[in-house]
Amino acid sequence: MSVCTTCHQPGIRVYAEHDCPGRRPLAVGDIIHGHAGGAFGRDHHDCVRIEAVGPDWIVARDPREHWTGPSFASGRHPLTLCQQARDQYDHDGEPCPFGDDEPPLTTWKPGPA
């Protein structure tokens, strides 16, 4: 029997087939808000957009900032912190510098399963 890999609900093959109460996997284009609980290091405080994902790592960057390089996070705990920063953020009443109308950084699309 198939099981959702996020919430372990039986009868579900993939995350997108139901309204999963678990966390959505990190994906290219997602915005990680603020310091993300230190997932990118203690000196990281800015919102970034994910540019690449792997099985247990992400690369994210603020494309508006020319003086800093990409930020890297890997491992279960840092990626969980990134999911939380993506899903539950508070900019103290200020809008996120990326906003919702930003164009995507890449033309990446999922391939055939």
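Up top you'll find the structure we're talking about.
Residues numbered from 1 in each chain as written. Predicted model: local features only at pLDDT ≥ 70, side-chain atom pairs only at ≥ 80, totals over all residues. Heavy atoms only, no water.

**Comments concerning the side chain of Ser 71**
Turning to its location among the elements, Ser 71 is positioned in strand β4 (residues 71-74). Among the residues examined, Ser 71 registers a relative accessible area of 12% and is labelled buried. Residues in contact with Ser 71, not counting those within four places in the same chain, are Phe 40, His 44, Ile 58, Val 59 and Ala 60. (Helix = DSSP H or I, 4+ residues; strand = E, 2+ residues; numbered from the N terminus. Buried < 20%, exposed > 50% of the residue type's maximum accessible area, 1.4 Å probe, protein only. Contact = heavy atoms within 4.5 Å.)

**What to know about the nonpolar core**
Ranked by size, the top nonpolar core spans 14 residues in total, and within it Leu 26, Ile 32, Phe 40, Ile 58 and Cys 82 carry the most contacts. Counting only elements with at least two residues in this core, the list comes to β2 (48-53), β3 (57-61) and α1 (76-87). Broken down by element, the residue count for this core peaks at 4 residues, all from α1. When near neighbours in sequence (up to four residues on either side) are disregarded, Ile 32 contacts Leu 26, Phe 40, Asp 46, Cys 47, Val 48, Ile 50, Cys 82, Ala 85 and Arg 86. (Core = buried A, V, L, I, M, F, W, Y, C linked by side-chain atoms within 4.5 Å.)

**Structural notes on the pattern of salt bridges**
Applying the stated criterion to the full structure yields 4 salt bridges. The partner of Asp 30 in a salt bridge is Arg 86, with the nearest N and O atoms 3.0 Å apart. In this pair, Asp 30 sits in the segment before β1 (31-32) while Arg 86 sits in helix α1, placing the two residues 56 residues apart along the sequence. One salt bridge in this structure joins Glu 51 and Arg 61, with 2.9 Å as the shortest N-O distance. Pair noted here: Glu 51 is in strand β2 and Arg 61 is in strand β3, with a separation of 10 residues, a long-range link. Judged by relative accessible area, Glu 51 falls into the partly exposed class, the value being 22%. Take Arg 61: its relative accessible area is 33%, and that puts it in the partly exposed class. Within the structure, one salt-bridge network assembled from shared partners comprises Arg 24, Asp 30, Arg 86 and Asp 87. (Salt bridge = Lys/Arg side-chain N within 4 Å of Asp/Glu carboxyl O.)

**Overview of the pairing of β3**
Residues in a regular strand project their side chains so that they alternate between the two faces of the sheet. One ladder, built from 4 bridges, connects β2 with β3; its direction is antiparallel. Within β3, the residue paired with Ala 52 across the bridge is Val 59. Between β2 and β3, which pair antiparallel in sequence order, lie 3 residues. Relative to β4, β3 runs antiparallel, the two sharing 4 bridges. Within β4, the position partnered with Val 59 by the bridge is Phe 72. (Pairing = 2+ DSSP bridges.)

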